[in-house]
Structures are given as C-alpha cells and as structure tokens.
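Chain and residue survey
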Amino acid sequence: MSKKKFGIYGGQYIPEMLIGVVNELETAYDHFKNNKKFNDELKHLLSEYAGRPSRLYYAKNVTEKLDGAKVYLKREDLNHTGSHKINNALGQVLLAKKMGKTRVIAETGAGQHGVATATVAALLNMKCEIFMGQKDIERQSLNVFKMQLLGAKISSVETDTKTLKDAVSQTMGECSSRIDDTFYVLGSSVGPYPYPHIVRDFQSIISKEIKEQLFEKESKLPSVVIACVGGGSNAIGAFYNFINDKEVKLIGCEAAGKGVDTLETAAAVTKGKVGIFHGMKSYFCQTDNGQIASVYSISAGLDYPGIGPEHAYLHDTKRVEYIPVTDKEAVEAFEFLSKIEGIIPAIESAHAMYYAMQLAPKMSKDEIIVVCISGRGDKDAAMITEYKKELSL
Ligand SMILES: *Cc1c(COP(=O)(O)O)cnc(C)c1O
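Everything in this summary refers to the structure shown in the same document. (Residues numbered from 1 in each chain as written. Predicted model: local features only at pLDDT ≥ 70, side-chain atom pairs only at ≥ 80, totals over all residues. Heavy atoms only, no water.)

Notes on the site of the ligand
Near the ligand there are 17 residues, and of these Lys 85, Ser 188, Gly 230, Ser 233 and Ser 374 occur at the shortest range. At a separation of 3.2 Å, an oxygen atom of the ligand approaches a polar backbone atom of Gly 231. Backbone polar atom of Asn 234 to an oxygen atom of the ligand: 2.8 Å apart, as the coordinates give it. Taking 380 Å² as the accessible area of the ligand by itself, protein coverage stands at 96%. Of all elements in the fold, only strand 9 (224-229) and helix 11 (233-239) reach the threshold of two or more residues within the shell around the ligand. (Near = heavy atom within 4 Å. Polar contact = N/O pair within 3.5 Å; in protein donor to acceptor, adjacent residues only side chain to side chain. Areas by Shrake-Rupley, 256 points an atom, 1.4 Å probe, with all protein chains shown as cover. Helix = DSSP H or I, 4+ residues; strand = E, 2+ residues; numbered from the N terminus.)

As structure tokens, then:
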C-alpha cells in the first residue's frame, strides 16, 4: 500500500498550488513525529492544559437499565474546550510553531474545531483566523463570540451552501496563498495526505488510553468500541489501537439525518459513492451527475458529505462496521444519557450512544461496550428544545 493511501483511498488530489503546502507539511511532520522534545511538550500540554487522560467511566445506571453488556464511556467531553478536538489542535498548532509559522488558519462547522484552534493559538501566541460558513455563523453565535474573545478573526464563507464543506474549500485556498507564515490546522481525518495520518496520530491517544484504562479496571479488551463519524477523527482515534485486535468489534455511527431514504441525510458510507473531493479519494454523498450533494444532519459536527479515507478503507476491508443513526434516534439517546446517568452528551456523540442502547441488551453481562463521548452537549440544548417543539406541531 502506498504510504500516502489507505488501499485505493486518500492520496493527494490537489491543485498544483497546494503541492508546496503538503510537501512542507510532510517533511516537517516526518521530522517532528519522532522528536523527543516535540512529543514531551505535546504530552505536557495534553495533560496539564487539556486535562488528559480523559476518564473511562463505568456507566452503572445505563448498564443496569440496558441489562446486558457493561457500558463504559470514554469522556472526551471532559477535556478543556469540551471535545476531542483539542487533542488535534494542540498537536497541529505546536507543529506549526516548531515549523516557524506565526499564523494559523482553520475551518469550522459548529465551531468546536474553531474554538479549539483559537484556544491553542492564544496559548502559544499565534495569530489565528477561522473560516466559517455564513449559515453556521448565524446558528452558532456563542462559539463565534468565544473565538473572537480568544483573539481570532472570523471570516464568513459565502459560497454555495455556506456551511462546513465550503469553509474547508476556502481554507484550503487560503493556505496556498500565504505558505510563508501560515499553517492550516485541519479539524478532521480528511483532506490530502498527510492530513488524515496526522489527525489520526494525534487522536489515537483516545484508544491508547481506553486500552490501558480498561485493562486496569477489567483486565481485558472491550468486546465493542462505538464512536460517531463525521469526517471521522474521534472514531479513528477511538479505534486505532484496536485495529489489530480482531476480537474487538469496531462500529462507526454516521448521521442518517431524516433517514437514509431521504435526501436530508449525511450517511456517506450507506448512501455515498467513491469520489474525489477536498484532496482525497473516499466515499461521498453525490448527485447522479457526480456533484457533491448537499447533506443534512441535526448535528452540525456530522454534517459533512464525506468520510475520511482510512474509514473508507476500513469499511471495504470490513474491519469496521458503519451504521446510520437518524436525528430522532440521536435525540432519544441524548435524553436517555442525560436522564439516566446525568451526562449530557454532544448530539454527535448521542449517535454512538444510540447504537450502544440497541446492542447492549443483546450482549452478555461479561462483555464490555466502550462508547466514545466525543463532546459535551451544552451547545445543543437550545437546538434540541427547538427540534422537539417543531415535532409536536
Ligand atoms: C467535530 C465533532 C465531531 C465530528 O468530527 P469527527 O472528526 O468525525 O470526530 C463529533 N463530535 C464532536 C463533539 C465534535 O465536536
């Protein structure tokens, strides 16, 4: 398999003006990923600043209620800034600093990656500009306020659907025009090589910790690990160190939106076809003419038309199973976990929780499910109130 690909997926399908950017990044990352000083500094930031290791919590009430497998929650929601995004932001912004860059740029959808990037930029004294679709700016005013407070400049993206995919496209264009001082902090395991590898490496601390923590508590491997999949960074992070443990079942939950039989869905594996977009070959929701389709999910973090190339490969090789979960099902799990366990998950993470609720009762009591709670749900509370109001109309 080519170093730059996962089977036939991934690669560098980019315009010429971006070649310099990815080549410089590849050289720098190859150097720093095994550099002791870099890794020591990152480790220090992850623990002292972000609060790692995140807890692996035994959800006793959930387990009793579902009356089957033991359910553990990997609490990425407890990290500084409230999601797994900080793991990758710390890694990439530190890398940028080591490369001598003075300015970072990033795309954001719901604003979680934008906030994480602006946070680390503030900490490491870097200039920061965040590109965000105009529609998302309107929907996520609290995160816009936070990013500005942290010193970032927000640029509104006005093209096409004015959401995440357009913000990614614009940020890619921007980074090729200011390569001398600027670094693009990409927020998910997508884009041209080496981004999917870099993001996966920085997020793989999630599965490394799950393995160690579960071994300490239960002296065994989990039977199943479940994570939600947008671009796929928290999922690949939660899966990575289990890929060679064939007895561990790995399940990614993608956003079905209003259902995979409607056009209002973001289920890139279930509904998508192989295509090329944002510099990579992978699965994408497309129109019959091969254009990237407009997608929909109640969860802004999963509202992306594709999936990272490593997931496309893990799907084809059947190592990971991808399951669509609808808005309605995710909202049900959001309320269940809040009421039963007193943990309000991000609506993204609730997609994974929903599938755990289906699976646990069918499993035996000596089996273990680990669910990655990728983020906390405060950001979603108002929107879900609205969603429920609309349904009862
Ligand atoms: C961004 C985000 C996601 C989706 O991104 P992935 O790269 O697929 O992990 C999921 N959960 C939360 C809380 C997020 O902020």
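Things to note about the sheet that holds strand 8 (residues 182-184)
Pairing within the open sheet is parallel, and its four strands lie in the order 7-6-5-8. Each of the sheet's edge strands pairs with one partner strand only, and the pair in question is strand 7 (153-157) and strand 8. Sheet twist, expressed as the mean angle between neighbouring strand axes with direction ignored, is 25 degrees. The pairing of strand 5 (residues 103-108) with strand 8 spans three bridges and is classified as parallel. Note on strand 8: the bridge partner recorded for Arg 103 is Thr 182. Running over the sheet, helix 8 (residues 164-177) touches strand 5, strand 6 (127-133), strand 7 and strand 8 and is turned about 160 degrees from strand 5. (Pairing = 2+ DSSP bridges. Axes fitted to C-alpha atoms, helices over the stretch in contact; angles between N-to-C directions. Contact = heavy atoms within 4.5 Å.)

Quick look at the packing of helix 2 (residues 36-49) against helix 4 (residues 85-98)
Across the interface, helix 2 lies against helix 4 with an axial gap of 10 Å and an inter-helix angle of 140 degrees. The orientation of helix 2 relative to helix 4 falls into the category oblique. Note on packing geometry: the crossing formed by helix 2 with helix 4 is right-handed. Together, Lys 37, Phe 38, Glu 41, Leu 42, Leu 45, Leu 46 and Tyr 49 of helix 2 and Asn 87, Leu 90, Gly 91, Leu 94, Leu 95 and Lys 98 of helix 4 make up the contact between the two elements. Broken down by class, the residue content of the contact of helix 2 with helix 4 amounts to eight nonpolar, two polar and three charged. (Parallel < 35°, antiparallel > 145°, perpendicular 65-115°, else oblique. Left-handed = near helix turned anticlockwise from the far one by under 90°. Nonpolar A, V, L, I, M, F, W, Y, C, P; charged D, E, K, R; others polar.)

Focus: helix 1 (residues 19-32)
Across its 14 residues, helix 1 extends 20 Å between first and last C-alpha, which sits within 8% of the 20 Å expected from 1.5 Å per residue. Taken as a whole, helix 1 has its buried residues at Val 21, Val 22, Leu 25, Glu 26, Ala 28, Tyr 29 and Phe 32. If you follow the buried residues of helix 1, they end up packed against helix 2, helix 4, helix 8, strand 8 and helix 9 (195-203). (Expected span 1.5 Å × (residues − 1). Buried < 20%, exposed > 50% of the residue type's maximum accessible area, 1.4 Å probe, protein only.)

Things to note about the side chain of Lys 85
Of note, Lys 85 is situated in helix 4. The buried charged residue Lys 85 lacks any salt bridge, with Glu 348 as its nearest oppositely charged partner at 6.6 Å. With residues near it in sequence (within four places) discarded, Lys 85 still touches Gln 112, His 113, Ala 116, Gly 187 and Gln 203. (Lys, Arg positive; Asp, Glu negative; His and termini not counted. Salt bridge = Lys/Arg side-chain N within 4 Å of Asp/Glu carboxyl O.)

Details of the environment of Gly 10
Within the secondary structure, Gly 10 sits in strand 2 (residues 9-10). Aside from chain neighbours lying at most four places away, what touches Gly 10 is Lys 4, Lys 5, Gly 279, Met 280, Lys 281 and Pro 309.

A closer look at unusual backbone geometry
Look at the link from Arg 52 to Pro 53: it is a cis peptide, with omega at 0 degrees. As for its placement among the helices and strands, Pro 53 is situated in the loop between helix 2 and strand 3 (56-58). Here the residue pair Tyr 193 and Pro 194 is connected by a cis peptide bond, since its omega of 5 degrees sits within 30 degrees of zero. One non-glycine residue, Asn 125, adopts positive backbone phi at about 60 degrees. The residue Asn 125 is located in the loop between helix 5 (112-123) and strand 6 in this model. The phi dihedral of Lys 162 falls on the positive side, at around 55 degrees, and the residue is not glycine. Relative to the helices and strands, Lys 162 resides in the loop between strand 7 and helix 8. Relative accessible area serves as the criterion here: at 26%, Lys 162 is assigned to the partly exposed category.

Examining the packing of aromatic side chains
Per the stated rule, a full pass over the model turns up six aromatic pairs. A centroid spacing of 5.7 Å and a plane angle of 35 degrees characterise the contact between Tyr 9 and Tyr 283, whose relative ring orientation is tilted. Of this pair, Tyr 9 sits in strand 2 while Tyr 283 is found in strand 12 (residues 280-284), placing the two residues 274 residues apart along the sequence. With respect to class, Tyr 9 is no different from Tyr 283; both count as buried. Directly above the aromatic system of Tyr 58 lies the positively charged group of Lys 70, at a separation of 5.2 Å from the ring centroid. Lying across the ring of Tyr 296, Lys 258 places its NZ or CZ 5.1 Å from the centre. (Phe/Tyr/Trp six-rings, centres within 6.5 Å; stacked < 30°, edge-to-face > 60°. Lys NZ or Arg CZ within 6 Å of the ring centre and 35° of its normal.)

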